[in-house]
Amino acid sequence: MSKNKISIIHSGFVPLNIENVDTDQIIPARFLKATTREGFGKNLFRDWRYENDDETKPKKDFALNNPKYRGEILVAGKNFGCGSSREHAAWAIHDYGFRAVVSSFFADIFKNNALNNGVLPVTVSESFLKKIFALNEDATISISLPDQTITIDATGEKENFEINSYKKECLINGFDDIDYLINIKSDIEKFESARSI
Amino acid sequence: MSKTLFEKIWDKHIVKTIDGGPSVLYIDKHLIHEVTSPQAFAGIEKRGIQIFRPKQIVATADHNVPTLNQHLPIKEQLSRLQVETLIKNCANHNIELYGLGHPYQGIVHVIGPELGITQPGMTIVCGDSHTSTHGAFGSIAFGIGTSEVEMVFATQCLLQSKPKQMRINVNGSLKKAVLAKDIVLYILAKISASGATGYAVEYAGSTIRSLSMEGRMTVCNMSIEMGARCGLIAPDETTFNYMQGKKFAPQGNDWDKALQYWKTLYSDDDATFDKEINIDAADISPMITYGTNPGMGIGVNELIPSDSAINEGDRPSFEKAMKYMGIAPGAAIKGQKVDYVFIGSCTNSRIEDLRLVANFVKGKHKAKDVEVWIVPGSKQVEQQAKNEGIDKIFEEAGFQLRQPGCSACLGMNEDKIPAGKYCISTSNRNFEGRQGAGARTLLASPLSAAAAAITGHVTDVSELI
Ligand code: SF4
């Protein structure tokens, strides 16, 4: 199901300067009991966000609770999204309002899940990531999917990022893999009968 | 052209390749469970399409189920709803379900192999990252997200780009009391929790060859903890002996034909790997983790790294982990008090694991303040344990033998470790809150866990054998 198209994102960001952020942190297992895709955003990073699971006690030093950090871009340390394959992690990030996650390294399954849900994973170099973490709270970032660039607006510092051309097309046009696969069903049937001979 | 084991299987399953993009990979077997399937069923219903190949799907209920009194309705309302939704979806779409009460019910990665559903040369997926377990049979098996579950429902295919190839060779004989779990925790400590991201990992070498199928599954299970797309081991006599006579394994002529094919499944001598790692089995001791990712492991007699031994860039994460664990950098892990012992999960809940533990604890009793949960991986494992009298040994030792499910591996069902408590666990993840909010997990082998159950603290099990 295609969530939205992505082309250019220009916004503030939320810095999460932590490495190996696993999907159990992004959305703890106890919130996986839903049978629909909606509403996961309110439990995003639940145990890092609140004291003793209490919504009236936000942890002050957690970036999501800092009103000065705002925007559609989440910036995190390396190996983001490792661990469980739960797509709920990507749903929670999208539902909260993020359209892109920037890190120097993404775990495989998370990257796929993000791409399938209208969240753009942007891989940058360690040094570029450091520069972003060093920015002021009110700094903004621009991400252009067509140009495959990420730019720190204040300084103009820019880096290119990789994405395969098929996925890029999908995101820009709002297509998804399942549409593609359904369209080639006759090829799949042919493949099946060829291998059963 | 020479190929790796992975490439041989991969090439046979490619329907077509998109220019400049991924390939369409055909999936032989699709395993599903209650947590990651409901939205996928809803998705295809919304599109108004049928499940393409329902006969290639098998379902079970494992993540959310209680492990006591499984004959009673599930107490927790949302868990019950999820399990009921699975029952309804499987009935509506003609999918075989081994749900609660069925003699084949169990953790999805335990039942696939023990029923012979998992076979060499296959492509296998499941909406669960530990699908890598099935690679122990020489298959390409990996975890997928719910959108991908929907794709396989709709077309029996996925779009995938080919991963890079890595081989990890483990050679030589293992020291006393060192198990498959220690091998994989050792590899993780060496290459880190992201060390194999982007790779398919083949495990090879004399030590791997000497492992039982259960041991091989334990190793492949944790491939995902290194970030690998999948882990696999070439099938051999051990594999074929295990497969023979399994419920859904090929029979008669089909068996002979299958066997012929399976015997071609190995990496050619001159196949090239993008990366190769060599490990000497003699260097591996009983392992234990001290931190909050599975790469943070040490030999049980080693000291936890001190701050100064950690790269400056990695220090904030390290300090955060140590604070969460309530463990001092530079200290010994041996002697650390434990409150709970959990022997179970798709990593270590097979009959061999239970036998090993039973053998070790026979005639011993658990320490006073420790709670010990043994959770078999499946109904069949549970039954086998009872047939062999293993249940009696556990009872006498003060260990609780519960009913099959994921249990305390993830804080989703009723089995949770309370905040601040230490649990030595045979599962695969020690992430913050994995076993319950605030729970502190020490990952180890079944023998190390059993030793801690007896002494009440982290112990070098080789000293007790
Ligand atoms: S036992 Fe743990 S790791 Fe295995 S499938 Fe269940 S929850 Fe996942």
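For the structure, check the block above.
The paragraphs below set out a description of the structure included in this document. (Residues numbered from 1 in each chain as written. Chains lettered and ligands numbered in written order. Predicted model: local features only at pLDDT ≥ 70, side-chain atom pairs only at ≥ 80, totals over all residues. Heavy atoms only, no water.)

Here the focus is the overall build of chain A. Along its length, chain A carries eight helices and eight strands. Scaling as 2.2 N^0.38, a compact globule of 197 residues should have a C-alpha radius of gyration of about 16 Å, and chain A matches this with 18 Å. Across the 197 residues that make up chain A, the buried fraction comes to 57%. Total accessible area on chain A stands at roughly 8300 Å², and carbon and sulfur atoms take up 49% of it. For chain A, the centre of its 25 positive side-chain charges and the centre of its 29 negative side-chain charges are spaced 2 Å apart. (Helix = DSSP H or I, 4+ residues; strand = E, 2+ residues; numbered from the N terminus. Rg over C-alpha atoms; globule rule 2.2 N^0.38 Å. Buried < 20%, exposed > 50% of the residue type's maximum accessible area, 1.4 Å probe, protein only. Areas by Shrake-Rupley, 256 points an atom, 1.4 Å probe, with all protein chains shown as cover. Lys, Arg positive; Asp, Glu negative; His and termini not counted. Charge placed at Lys NZ, Arg CZ, Asp CG, Glu CD.)

Attention shifts here to helix 5 (residues 146–155) of chain B. All names here are of chain B. Most of helix 5 is tucked away, with ten of its ten residues classed as buried. Where helix 5 is concerned, the buried positions are T146, S147, E148, V149, E150, M151, V152, F153, A154 and T155. Positive phi shows up at Q156, right after helix 5, with a value of about 60°.

We now examine the site of the ligand. Residues and elements named next belong to chain B. H63, I107, H109, D128, H130, S345, C346, C406, C409, L410, N428 and R434 make up every residue found near the ligand. Mapping the ligand onto the cavity grids shows that it belongs to the largest cavity. Its residues assigned to classes, the shell around the ligand comprises five nonpolar, five polar and two charged. If you count residues domain by domain, the shell around the ligand takes at least three from each of domain 1 (5–275) and domain 2 (287–463). (Near = heavy atom within 4 Å. 1 Å grid on protein atoms, 1.4 Å probe; cavity = no way out; pocket = protein on both sides within 12 Å on 5 of 7 lines; lining within 4 Å. Sits in = over half its atoms within 2 Å of the grid points. Nonpolar A, V, L, I, M, F, W, Y, C, P; charged D, E, K, R; others polar. Domains from an automatic or database assignment.)

Further remarks concern the interface of chain B and chain A. Counting residues at the interface gives 67 residues for chain B and 54 residues for chain A. For the pair chain B and chain A, the two sides together bury roughly 4900 Å², of which 56% comes from carbon and sulfur. The salt bridge partner of B:E150 is A:R37, with a shortest N-O separation of 3.4 Å. Joining chain B to chain A, the criterion identifies 27 residue pairs in polar contact (both at pLDDT 80 or more). Of all the secondary structure elements, the ones that give two or more residues to the side of chain B that touches chain A are strand 1 (14–17), strand 2 (23–26), helix 2 (38–47), helix 3 (77–92), helix 5, strand 8 (157–160) and helix 11 (315–325) of chain B. Here the element with the most residues in the side of chain B that touches chain A is helix 5 of chain B; it accounts for seven residues. (Contact = heavy atoms within 4.5 Å. Buried area = accessible area lost by both parts, 1.4 Å probe. Salt bridge = Lys/Arg side-chain N within 4 Å of Asp/Glu carboxyl O. Polar contact = N/O pair within 3.5 Å; in protein donor to acceptor, adjacent residues only side chain to side chain.)

Moving on: the sheet that holds strand 11 (residues 230–232) of chain B. All names here are of chain B. Strand order across the open sheet formed by four strands is 11-10-9-12, with parallel pairing between neighbours. For this open sheet the edge positions go to strand 11 and strand 12 (275–280), each flanked by a neighbour on one side alone. Taking the axes of each pair of neighbouring strands and ignoring which way they run, one obtains an average angle of 20° across the sheet. Strand contacts of helix 1 (residues 5–12): strand 9 (164–171), strand 10 (199–204) and strand 11, with the helix running at about 115° to strand 11, the strand carrying the most contacts. (Pairing = 2+ DSSP bridges. Axes fitted to C-alpha atoms, helices over the stretch in contact; angles between N-to-C directions.)

Residues B:I32, B:F153, B:I168, B:V170, B:I187 and B:Y203 are the most contacted members of the largest nonpolar core, which totals 92 residues. Ranked by residue count, the leading element in this core is helix 6 (residues 180–191) of chain B, at eight residues. Beyond its immediate sequence surroundings of up to four residues, B:I168 is in contact with B:I187, B:V201, B:E202, B:Y203, B:A204, B:I277 and B:I279. By size, the runner-up hydrophobic cluster in this structure holds 87 residues, among which are A:I26, A:F80, B:F318 and B:I327. (Core = buried A, V, L, I, M, F, W, Y, C linked by side-chain atoms within 4.5 Å.)

As a further point, take the side chain of B:Q403. All names here are of chain B. Inspection of the secondary structure puts Q403 in the loop between strand 17 (400–401) and strand 18 (422–425). There is a polar contact of 3.0 Å between the side chain of Q403 and the backbone nitrogen of N69. Setting aside chain neighbours within four positions, we find Q403 in contact with T67, L68, N69, Q70, V375, P376, K379 and E382.

What follows is about unusual backbone geometry. The backbone of A:F45 sits at a positive phi, close to 50°, despite the residue not being glycine. Residue position: A:F45 is located in the loop between helix 1 (23–26) and helix 2 (46–49). A relative accessible area of 0% means that A:F45 is categorised as buried. A positive phi angle, close to 50°, is found at B:N69, a residue other than glycine. Assignment of secondary structure puts B:N69 in the loop between strand 4 (57–60) and helix 3. Owing to a relative accessible area of 45%, B:N69 belongs among the partly exposed residues under this scheme.

Inspection of every chain in the model, using the stated rule, returns 38 salt bridges over all chains. Between A:D179 and B:R47 there is a salt bridge, and its shortest N-O distance comes to 3.2 Å. In this pair, A:D179 sits in helix 7 (residues 177–183) while B:R47 sits in helix 2, so the two residues belong to two different chains. One network of salt bridges, in which partners are shared, links A:R37, A:E87, A:D176, A:D179, B:R47 and B:E150.

Here we come to empty space enclosed by the protein. Residue and element names in this part refer to chain B. Inspection of every chain in the model, using the stated rule, returns seven cavities of 30 Å³ or more. Size it by volume and the largest cavity reaches roughly 230 Å³. Forming the boundary of the largest cavity are 24 residues, of which H63, D128, H130, L410 and R434 lie nearest the centre. In the lining of the largest cavity, the residues fall into eight nonpolar, eleven polar and five charged. Three or more residues apiece are contributed to the lining of the largest cavity by two domains, here domain 1 (5–275) and domain 2 (287–463). (Points joined across faces, edges and corners; volume = space filled by probe spheres on them.)

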